[in-house]
Amino acid sequence: MAETVQQPTPVTTGDTLLSLDDVTLKFGGVTALNGVSFHIDRGEILGLIGPNGAGKTTAFNVVTGIYRPTSGGVTFDGEQITGLKRYRIAKRGIARTFQNIRLFRAMTALENVMVGADARHTTGPISALLGLPRHRREEAAGRELALELLDFVGVGGRADELAGNLSYGDQRRLEIARAMATQPKLLCLDEPAAGFNPSEKQALMELIRKIRDRGLTVLLIEHDMRLVMGVVDRVVVLEFGTKIADASPTEVQNDPAVIAAYLGVAEDEVVTDE
Amino acid sequence: MSQTTSAPPRRSRRDLLGGLRRRLSGMPRWAQFLLMVAIALLCYVLPLLEPPIISTPGTDFGGVLFTVSVYVLVAVGLNIVVGYAGLLDLGYVGFYAIGAYTVGVLTAQHATWPWLLSLPVALVVTMVSGVLLGWPTLRVRGDYLAIVTLGFGEIVRLTLINSEWLGAARGIRPIPSPPSLPLFEVPHLDWSTGVPLVDFSDTTTFIEFGVTDPIPFYWLALTLIILVLLADKRIKDSRVGRAWEATREDEDAAELMGVPTFRFKLLAFAIGAFVGGIAGSLFATRQTFINPESFTLLISILFLSAVVVGGQGNRWGAVIGAVVVAYLPERFRGFEQWRVLVFGLALMLLAIYRPQGLLPPRRTVRAQRMEAETEALEVGEEPEDAVIAAGGPTPDDAAPTDEGSSRG
Ligand SMILES: Nc1ncnc2c1ncn2[C@@H]1O[C@H](COP(=O)(O)OP(=O)(O)OP(=O)(O)O)[C@@H](O)[C@H]1O
Ligand SMILES: [Mg+2]
């Protein structure tokens, strides 16, 4: 029902950090992404919204290397990353959280975040065995960064708890800390506020702003449109794997195609209502 | 050890070990260190003390302790693969066999190297075989890996049986002992009168490796266990150990956090094989002969049960599990026909009452309960009502005009 109309990409001032170029991804008969193109500028907070099954998570999965697009490509920081191994993409500077929390449950909160920090470390089993100074420096630095990030997201007092024992909200925040510990340039958050009450959501949006203030670029998937509108600089709307809008929050809120997509009615019906 | 998870308040006898551990980790570091040294010393003198009840009637106590220590080595090595990295390896006996046979080939079958020289070669060979097995198989997951490794163990055994070059079913003999350095005699204790008496007619030579007295072999094995445990601790507490555990917990999430999981799994396989190779080499030299009989699937299962019984993922659990699996059957040798039955029953009871093993790692009952709760939350999370929330446009006030739209 939603027709494929190519959006004129809004003029941007900053330089582009990530861009999807005409990405199509098919799962057998299902076209999860259909010629999707969008980009994020450095330092931007970009909202990625759309109804259930629109392809938002799939877009994340393409960006982070879980799926290789059927056609099209992903450029990050000036280089093609399509087809790179997942851990290599992570090391290039893309980190993410998961819609369904995926922590290392039997490890402590601190260890979870340290795994993230280890992405920047290089010493191996031999240096660990011999306790080489370089290894000990990395270990200390990783711990320090991890503790700082736990504080930053508000799980500071729970460092030694098992991740699986944390409350639901703390687990979501811990995922953010773990992703940030990889010291990414781009942080992708997949519905980080899912299951939160309004005040928790507000606090989370505050946190996302603080993350941007640390110099990160944020790609945010969120269902709650009002929430997104308060924090993002720009919004990309997906529906049935197709981009139907790419504009400022206010513009998108008044876009008949977006309204139609969210209400599940044909676009012309919305228009005739007027 | 940062053990801060609160345990369920119910104090049951089953939690004796857990309680002990909590008390241990509460002690200051120097006290822990002294305790460890004391335990190690006790282990060294144990075969000389021959304490009643613990000592094995009917079989040579020193020999039993040697067997137990080989199992401990194996369990600690296998724990790296199964416990830390979460790779179910049913063919670990293959590495044990490769270690033993490399020593056999180099010292007896095709050359006459001294044992000490053959040892490093054996370890390199087992490590390489670990990598060769892991390279193609570690890309498959879970159950498949178990089947492939099971096949590996059997292939190794069948190769040994069918290869004349490796002595076929006869095996290899005589495998030499490590170099001796006889310095002095140490007397044993004699408890036959009910009180411990120093028995100067029953002595062990420090340190002479011979066929008659297995105690020096036990001392050697114990020393290697201590070294392996120290190395295990260092590696486990580093980014390598974290990468293993992260891979075990969630391989995809680990990859996306920058962990090259395949490489770390391969490393776990190689290190595990290395330790299995040490155990195999020790076994070969103590035995003086080896044949394919000693490397059956049953042994692989026993190795694995040592890790599982103890609590996979915890090196001390693996040690305790190995002691249970290797020692108890020897202690109750008198009940020959009942041994396997009792062992099977014990495993079943354990599976029912303490599925995490005797001394599991920090994962607690509470963690599992939380898991269920979180899952429930996630299921109920379908945000169907979360679309265009109150502040967003409704069909009435949407008033979509062409100007307000970003669409061309
Ligand atoms: N691995 C897969 N195999 C087959 N189909 C898939 C797979 N992953 C996603 N899909 C399909 O692709 C479409 C987009 O799914 P996706 O998870 O990206 O949606 P989403 O926008 O994240 O939705 P939600 O808001 O529910 O999270 C859906 O139709 C889904 O069924
Ligand atoms: Mg999704």
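Structure's up top.
Right, let's walk through the structure included here. Keep in mind it's a predicted model, so treat the numbers as computed, not measured.

1. Re the packing of helix α5 (residues 133-153) of chain A against helix α6 (residues 168-181) of chain A
Residue and element names in this part refer to chain A. Packing of α5 against α6 leaves a shortest axis separation of 9 Å and a crossing angle of 140°. Comparing their axes, α6 and α5 come out oblique. When the axes of α5 and α6 are compared, the crossing they make is right-handed. Contacts between α5 and α6 involve L145, L149, L150, F152 and V153 from the former and R173, L174, I176, A177, M180 and A181 from the latter. Among the residues making up the contact of α5 with α6, the classes are represented as 10 nonpolar, no polar and 1 charged.

2. Let's talk about the packing of aromatic side chains
Remark: the centre distance and the inter-plane angle together describe each pair of aromatic rings, the angle taken between the planes. Residue and element names in this part refer to chain B. For the structure on display, the rule yields 16 aromatic pairs over all chains. When the ring of Y71 is compared with that of F303, the centres are 5.3 Å apart and the planes differ by 75°; the resulting orientation is edge-to-face. Here Y71, found in helix α3 (residues 61-84), pairs with F303, found in helix α11 (residues 297-310); they are 232 residues apart in sequence, far enough to count as distant. Note on accessibility: Y71 and F303 belong to one class, buried. Ring geometry for F209 against F217: centres 5.1 Å apart, planes inclined by 65°, an arrangement best described as edge-to-face.

3. With respect to the sheet that holds strand β8 (residues 217-221) of chain A
Residue and element names in this part refer to chain A. Strand order in the open sheet formed by 6 strands is β6-β7-β8-β3-β9-β10, and the pairing between neighbours is mixed. Each of the sheet's edge strands pairs with one partner strand only, and the pair in question is β6 (94-96) and β10 (242-247). Strand-to-strand twist in this sheet, taken as the mean axis angle between neighbours without regard to direction, amounts to 20°. Pairing analysis gives 3 bridges linking β6 to strand β7 (residues 186-190), with the strands arranged parallel.

4. Points about the pattern of salt bridges
Residues and elements named next belong to chain B. Under the definition given, this model contains 28 salt bridges over all chains. Between R315 and D232 there is a salt bridge whose closest N-O contact spans 2.4 Å. Pair noted here: R315 is in helix α12 (residues 315-331) and D232 is in helix α7 (residues 215-236), with a separation of 83 residues, a long-range link. Close ionic contact of E251 with K265 constitutes a salt bridge, the shortest N to O distance being 3.0 Å. Here the residue E251 occupies a position in helix α9 (residues 251-256), and K265 occupies one in helix α10 (residues 261-287), the gap between them amounting to 14 residues.

5. Looking at the side chain of S129 of chain B
Here S129 of chain B is to be found in helix α5 (residues 115-137). What S129 of chain B contacts, discounting residues up to four positions off in sequence, is F95 and I98 of chain B.

6. Digging into the site of ligand 1
Residues and elements named next belong to chain A. In the vicinity of ligand 1 there are 14 residues, among which K56, T57, T58, Q99 and H223 approach most closely. G53 has a polar backbone atom sitting 2.8 Å from an oxygen atom of ligand 1. Between Q99 and ligand 1, the recorded distance is 2.7 Å, taken from a side-chain N or O atom to an oxygen atom. Contact with the protein chains hides 65% of the accessible area of ligand 1, taken as 630 Å² for the molecule alone. With 3 residues, the top contributor of residues to the shell around ligand 1 is helix α1 (residues 56-63). Per-class residue counts for the shell around ligand 1 are 5 nonpolar, 7 polar and 2 charged.

Criteria and cut-off values
- Residues numbered from 1 in each chain as written.
- Chains lettered and ligands numbered in written order.
- Predicted model: local features only at pLDDT ≥ 70, side-chain atom pairs only at ≥ 80, totals over all residues.
- Heavy atoms only, no water.
- Axes fitted to C-alpha atoms, helices over the stretch in contact; angles between N-to-C directions.
- Helix = DSSP H or I, 4+ residues; strand = E, 2+ residues; numbered from the N terminus.
- Parallel < 35°, antiparallel > 145°, perpendicular 65-115°, else oblique.
- Left-handed = near helix turned anticlockwise from the far one by under 90°.
- Contact = heavy atoms within 4.5 Å.
- Nonpolar A, V, L, I, M, F, W, Y, C, P; charged D, E, K, R; others polar.
- Phe/Tyr/Trp six-rings, centres within 6.5 Å; stacked < 30°, edge-to-face > 60°.
- Buried < 20%, exposed > 50% of the residue type's maximum accessible area, 1.4 Å probe, protein only.
- Pairing = 2+ DSSP bridges.
- Salt bridge = Lys/Arg side-chain N within 4 Å of Asp/Glu carboxyl O.
- Near = heavy atom within 4 Å.
- Polar contact = N/O pair within 3.5 Å; in protein donor to acceptor, adjacent residues only side chain to side chain.
- Areas by Shrake-Rupley, 256 points an atom, 1.4 Å probe, with all protein chains shown as cover.

All we've got here are geometric facts, nothing functional implied.
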